[in-house]
Amino acid sequence: MLKSKTFVKKTRAGGVMKIVREHYLRDDIWCGSEACRECKQESTVLQAEACIESNLCPYPHYVVPDTNVVLHQIDVLEDPVIRNVIILQTVLQEVRHRSAPVYKRLKDMIQAKEKLGNINNMEILFFYYFHLKADGLKVVLLTDDQGNKEKAEESIDEYVKNLTANPELVDRLALSKDDKAEIISSKVLFPEHLPLSKIQSGIKSGTFLQGTFKASRDNYLEATVFVQGEGEESTEVLIQGLQNLNRAVHQDVVAVQLLPRNQWVLPSSVVLQDDGAAKDDDVDGDEEEKAVISAAEAAGKPTGKIVGIIKRNWRPFCGMLNVSQIKESTRHLFTPADRRIPRIRIETRQASTLVGQRIMVAIDGWPKNSRYPNGHFVRSLGSAGEKGTEEAVLLLEHDVPHQAFSQNVLSFLPKMPWGITPEDMIKRQDLRHLTVCSVDPPGCTDIDDALHCRELENGNLEVGVHIADVSHFIRPGNALDKEAANRGTTVYLCGKRIDMVPELLSSNLCSLRSNVERLAFSCIWEMNHNAEILKTQFTKSVINSKASLTYAEAQMRIDDTNKKDDITESLRGLNKLAKILKRKRIENGALTLSSLEVRFHIDSETHDPIDLQTKELMETNSMVEEFMLLANISVAQKIYDEFPDCALLRKHPAPPPSNYDILLKAAKSKNVEIHTDSAKALADSLDVAKVDGFSYFNTLLRILATRCMMQAVYFCSGMDSDFHHYGLASPIYTHFTSPIRRYADIIVHRLLAVAIGADITYPDLMDKHKQSALCNNLNYRHKMSQYAQRASVAFHTQLFFKSRGILNEEGFVLFVRKNAIIVLIPKFGLEGTVFFDSKDKAGPSLVFDEEGPTLKVEQTTFHIFDKVKVTISLDDSNIQHQKIRMALTEPVIPGVSVAAPDVEPQAKKPKVDR
């Protein structure tokens, strides 16, 4: 139905303009009910027998939730018990503006055909009331809004509580204001949060600072607020004590007020975790807090207190239920798996069923009268300790998108059987005749890169790096592209891979497997025998890899003097050039750091780890690394020259001087001098750092230096001026060599393709603001994938030690704390905190020297890098946080017990950013 609206508008010149706008009212929107006899509908989504066992609504009915219900009770709506739901277009749009995560969950729940017209709540009720009245169906408007409750059939709380066949659904209700009032004490425990208007004016005047709240893993009474300053500068504000933390939760955006300088303190060296029984909402007189908040120190860091919350970044948290000791109580404490998240008080009638289960809980609020936030049960994930359950937990906790690819995404994959067509060859070089081969870890199926080296007629060498042409298959803006951009990276767990792109691409059509023709993007150099680049060429190509080798297989070929075939000679040429390239990089100031990477041997039937060892690196590892670095640098310069405002680059900021404090102290304790004025100064001093009789000293020093580094990040060239990569000592860098597993590389491929005329551009590619927003997501996904990988290694380490009993191993003290030492076990790449505690009330004599740093326990003094002996075993007494327990055996300290609250494989940082 065509309608028109007419109105007048005043022009700038003072005249009046008549405007007529046409709009259309659709008369073909069907009601979607199976029971309807009037609508001419091709399909239905609302059942004719819309019955659910309910004391409140025993009749057949459909449910229409308002915006507040969708925003606050999405966990209930997601339950399969709740069927026959009508989502209004107005509700959908309002949710979209108010909460992106809830909007995504809502979109996943409904299909496009279920959307209704943009009409208000009462109109939709009247429409369905008269439309379906003859069919015996009613419509129930569910609301959380006080103003709407008079018009609604029922509130969401009453509706769910009266579902007689599904009492467990009550646990998934977010707490209402009335419910919250019932469970908080009358005693005010925290300062009132300031209203947003006061916060904004305070930030504007400089009274308050805005930043992101980062809770400590090691100390629940301490946190840091990162305040972004001008440009890349940021300030860290230390927060200590429950009242100063003031109900902020990890990742919240907060307003912080600096304390007077005479109240500034240093970060606590006490390791403290909130594992004890609940203190019944008492934060006063807490002895632990007194131990943490030290006296004011002249050299203290900026210290402050939280005065308000600007934005909550709550999500459903994984963890386990601590059942109340009060008989028949329905209120219990939930302990999150992430130690940075406070425990959450929930109400559930399923406590006996949920014991021993990993569950998800959402926070509803944190009143000033409550020691802990209040929340509600979301769902169970399975029995704790089971591989499938723990894997689900680590993926959820690290926000790794791991759902199966949708049919919409899969629809953009090439149709099989696939082959290279004449059209594909128009702008490509045919390199199928070259002796190209790939070198990867064992079992690798997503082969991104391949190499070749041959001698030219003029005596120079031609070296090629050939990268999978993923951008040929993933076109800008389609569903496949958007999904890959959201995922950002492939996540590698122990024995499992969460792909960024569907398997048809990752392990087949894009993978540069041997003896099949594949599309590639090639970077080809002409070099002399001193590895000096004489000419660089970028081209789309077709290759046919002659061999898919592991690092060990490639190394054996190089070392076997009897082998003279083309593949082996190509590898030897590459290896010789790589050594020269590496030497030049190091001479220019590139860092060679160290981290212990562990590798599991997995049983093929049970998929349990049967062996654990640190990875050994070969010359071929370095060979591949050098040419990937060279390709990335060459491509970075090319795309920046062509697109100075929108090149996607990668930088590694220089660490602030304070980051090196622990490294300098550790070196000084062994009378070794380390210079940190520049990357080259650091690299040179690390090269000569030796201690007689201590062969492992240099490796430990490099491990410690790795901990001092900043995180490398993606950025858009038009939004930044500092391009330098500190670790590689390179003025410019990007990622080009792994497009199967990194979305950043796909963007770089598109930029390079446009630069050489092999493809056309599109608006988003040239928009520096959109590129910058994309970089933020890629940095986040990359960081979370690293954390997920470490968590997977930690869990498999526990499985490995489960049947090993008690092992005796040598280790080294890596850090010293006020009440603990952190020990590294090189053999297994394990790192664990060993507390010093005594059964006596007096406790052991502990003297901590910050300057050393040293910890004197009775008559024994611990320094960084001291050699110790420990026993290692699995402690599963706390099923929520199973851990590898370390007990000190040498040196022996009489009367002192030692324990490790948490042990995990050493946090790995890549030695080279390839």
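Residues numbered from 1 in each chain as written. Predicted model: local features only at pLDDT ≥ 70, side-chain atom pairs only at ≥ 80, totals over all residues. Heavy atoms only, no water.

The protein goes by Exosome complex exonuclease RRP44 in an unreviewed UniProt entry, where it is assigned to Oryzias sinensis. Database annotation for the protein, UniProt heading Cofactor (unreviewed entry): "Mn(2+)". The record in UniProt for the protein states the following under Subcellular location (unreviewed entry): "Nucleus, Nucleoplasm". (UniProt positions renumbered as here; feature names shortened; annotations may be inferred.)

Caption draft 1: Geometry of the overall build of the protein. Counting its regular elements, the protein contains 24 helices and 38 strands. For the protein, with 914 residues in total, the buried portion stands at 52%. A sequence separation of at least 24 residues applies to 68% of the contacts in the protein between residues at least 6 apart. (Helix = DSSP H or I, 4+ residues; strand = E, 2+ residues; numbered from the N terminus. Buried < 20%, exposed > 50% of the residue type's maximum accessible area, 1.4 Å probe, protein only. Contact = heavy atoms within 4.5 Å.)

Caption draft 2: Expanded view of the packing of helix α18 (residues 566-587) against helix α19 (residues 619-642). Where α18 contacts α19, the axes come no closer than 8 Å and their chain directions differ by 70 degrees. The orientation of α18 relative to α19 falls into the category roughly perpendicular. By crossing handedness, the relation of α18 to α19 is classed as left-handed. Facing α18, whose interface residues are Leu 571, Leu 574, Asn 575, Leu 577, Ala 578, Lys 579, Leu 581, Lys 582 and Arg 585, α19 presents Glu 619, Ser 622, Met 623, Glu 626, Phe 627, Leu 629 and Leu 630. (Axes fitted to C-alpha atoms, helices over the stretch in contact; angles between N-to-C directions. Parallel < 35°, antiparallel > 145°, perpendicular 65-115°, else oblique. Left-handed = near helix turned anticlockwise from the far one by under 90°.)

Caption draft 3: Molecular detail of the pattern of salt bridges. Applying the stated criterion to the full structure yields 43 salt bridges. Where Glu 619 meets Lys 579, a salt bridge forms, and the shortest distance between an N and an O atom there is 3.3 Å. With a gap of 40 residues between them, Glu 619 in helix α19 and Lys 579 in helix α18 connect regions that are remote in the sequence. Linked by salt bridges that have partners in common, Asp 171, Arg 331, Glu 347 and Arg 349 make up one network. (Salt bridge = Lys/Arg side-chain N within 4 Å of Asp/Glu carboxyl O.)

Caption draft 4: Representation of the side chain of His 796 within the structure. Position of His 796 relative to the elements: it lies in helix α24 (residues 768-802). By relative accessible area, which is 6% here, His 796 ends up buried. Setting aside residues no more than four positions away along its own chain, His 796 makes contact with Lys 387, Cys 494, Phe 600, Ile 602 and Pro 609.

Caption draft 5: Focus on α19. The end-to-end C-alpha separation of α19 is 35 Å, in line with the 34 Å expected for 24 residues at 1.5 Å each. Taken across its 24 residues, α19 has 17 buried, putting it largely inside the fold. (Expected span 1.5 Å × (residues − 1).)

Caption draft 6: Up close: the sheet that holds strand β6 (residues 209-215). On the basis of which strands lie adjacent, the open sheet formed by five strands has the order β8-β7-β6-β9-β10 and antiparallel pairing. Of all strands in the sheet, those bounded by a partner on one side alone are β8 (234-240) and β10 (304-311). Neighbour-to-neighbour, the strand axes of the sheet open up by a mean angle of 40 degrees, direction not taken into account. Sheet topology note: the strand β7 (residues 222-228)/β8 ladder contains seven bridges and is antiparallel. Residue Phe 226 lies in a different strand from β8, and its bridge partner there is Glu 236. On top of the sheet, helix α9 (residues 196-205) reaches β6, β9 (253-258) and β10; it is set at about 120 degrees to β10, its chief contact. (Pairing = 2+ DSSP bridges.)

Caption draft 7: Just the sheet that holds strand β33 (residues 854-857), in detail. The sheet built from three strands is open, its strands ordered β32-β33-β34 with antiparallel pairing. With one partner strand each, in any of the chains shown, β32 (846-849) and β34 (860-863) form the two edges of the open sheet. Neighbouring strand axes in the sheet, compared pairwise and without regard to direction, differ in orientation by 15 degrees on average. Sheet topology places β32 next to β33; four bridges connect them, and they run antiparallel.

Caption draft 8: Structural detail: the nonpolar core. Leu 505, Trp 525, Leu 571, Phe 627, Leu 648, Phe 736 and Tyr 743 are the most contacted members of the largest nonpolar core, which totals 89 residues. The leading source of residues in this core is helix α23 (residues 743-755), at 10 residues. The residues contacting Leu 648, other than those within four sequence positions of it, are Ile 639, Tyr 714, Phe 715, Thr 734, Ala 744, Ile 747, Val 748, Leu 751, Gln 771, Cys 775 and Leu 778. Core analysis: the next-biggest nonpolar cluster, separate from the first, contains 52 residues, Leu 591, Ala 666, Ala 683 and Leu 700 among them. (Core = buried A, V, L, I, M, F, W, Y, C linked by side-chain atoms within 4.5 Å.)

Caption draft 9: Here's a closer look at the environment of Ile 199. Structurally, Ile 199 is set in helix α9. Given a relative accessible area of 0%, Ile 199 falls into the buried group. Distance from Ile 199 to Leu 209, taken between C-alpha atoms, is 9.0 Å for residues 10 residues apart in sequence. Look past the residues within four positions of Ile 199 in its chain and what remains in contact with it is Leu 194, Phe 208, Ala 255, Gly 308, Ile 309 and Ile 310.

Caption draft 10: Seen up close, the environment of Arg 804. Mapping Arg 804 onto the fold places it in the loop between α24 and β29 (807-816). The partly exposed category is assigned to Arg 804, whose relative accessible area is 28%. C-alpha separation for the pair Arg 804 and Ile 872, spaced 68 residues apart in sequence, amounts to 9.3 Å.

Caption draft 11: Here's a closer look at the pairing of strand β17 (residues 437-440). Across the two faces of β17 the burial is the same, with Cys 437 and Val 439 and Ser 438 and Asp 440 all buried. By the bridge criterion, four bridges tie β17 to strand β24 (residues 547-550) in an arrangement that is parallel. Across the sheet, the residue bridging to Ser 438 is Ser 548, located in β24.

Caption draft 12: The environment of His 863, seen in detail. One can find His 863 in strand β34. We classify His 863 as partly exposed; its relative accessible area is 32%. Measuring from C-alpha to C-alpha, the distance between His 863 and Ala 666 comes to 8.2 Å, with 197 residues separating the pair along the chain. If we skip the residues at most four places from it in the chain, His 863 touches Val 813, Val 816, Pro 853 and Thr 854.

Caption draft 13: Representation of unusual backbone geometry within the structure. With an omega of -5 degrees, the peptide bond between Met 416 and Pro 417 qualifies as cis. Along the chain, Pro 417 turns up in the loop between α14 (407-410) and β16 (429-430). Of note, the amide linkage connecting Glu 890 to Pro 891 takes the cis form, showing an omega dihedral of 0 degrees. Mapped onto the elements, Pro 891 comes out in the loop between β36 (883-890) and β37 (897-899). One non-glycine residue, Asn 515, lies in the positive phi region at around 65 degrees. By the element assignment, Asn 515 lies in the loop between α16 (503-509) and β22 (517-527). The class for Asn 515 is exposed, based on a relative accessible area of 57%. With a phi close to 80 degrees, Phe 865 is a non-glycine residue in the positive phi region. Take Phe 865: it is sitting in the loop between β34 and β35 (867-875).

Caption draft 14: Representation of helix α22 (residues 697-708) in the model. End to end, α22 covers 17 Å across 12 residues, agreeing with the expected 16 Å (1.5 Å per residue, within 8%). Of all 12 residues that make up α22, 10 are buried, and the element is covered over most of its length. Along α22, the positions that sit buried rather than exposed are Phe 697, Asn 698, Leu 700, Leu 701, Arg 702, Ile 703, Leu 704, Ala 705, Thr 706 and Cys 708. The secondary structure elements touched by the buried residues of α22 are α20 (661-669), α21 (679-687), β29 and β30 (820-825).

Caption draft 15: Up close: the packing of aromatic side chains. Here the structure, examined in full by the defined rule, presents 13 aromatic pairs. Seen in terms of ring centroids, Tyr 640 and Phe 723 are 5.1 Å apart; in terms of plane orientation they differ by 90 degrees. Their pairing is edge-to-face. Note that Tyr 640 is positioned in helix α19 and Phe 723 in the loop between β28 (713-716) and α23, a separation of 83 residues in sequence. Given a relative accessible area of 27%, Tyr 640 falls into the partly exposed group. Given the relative accessible area of 12%, Phe 723 is considered buried. Here the aromatic cluster, defined as three or more aromatic residues joined through ring pairs, consists of Phe 694, Tyr 696, Phe 697, Phe 812 and Phe 865. Between Lys 138 and the ring centre of Tyr 59, over which it is positioned, the NZ or CZ distance is 4.5 Å. (Phe/Tyr/Trp six-rings, centres within 6.5 Å; stacked < 30°, edge-to-face > 60°. Lys NZ or Arg CZ within 6 Å of the ring centre and 35° of its normal.)

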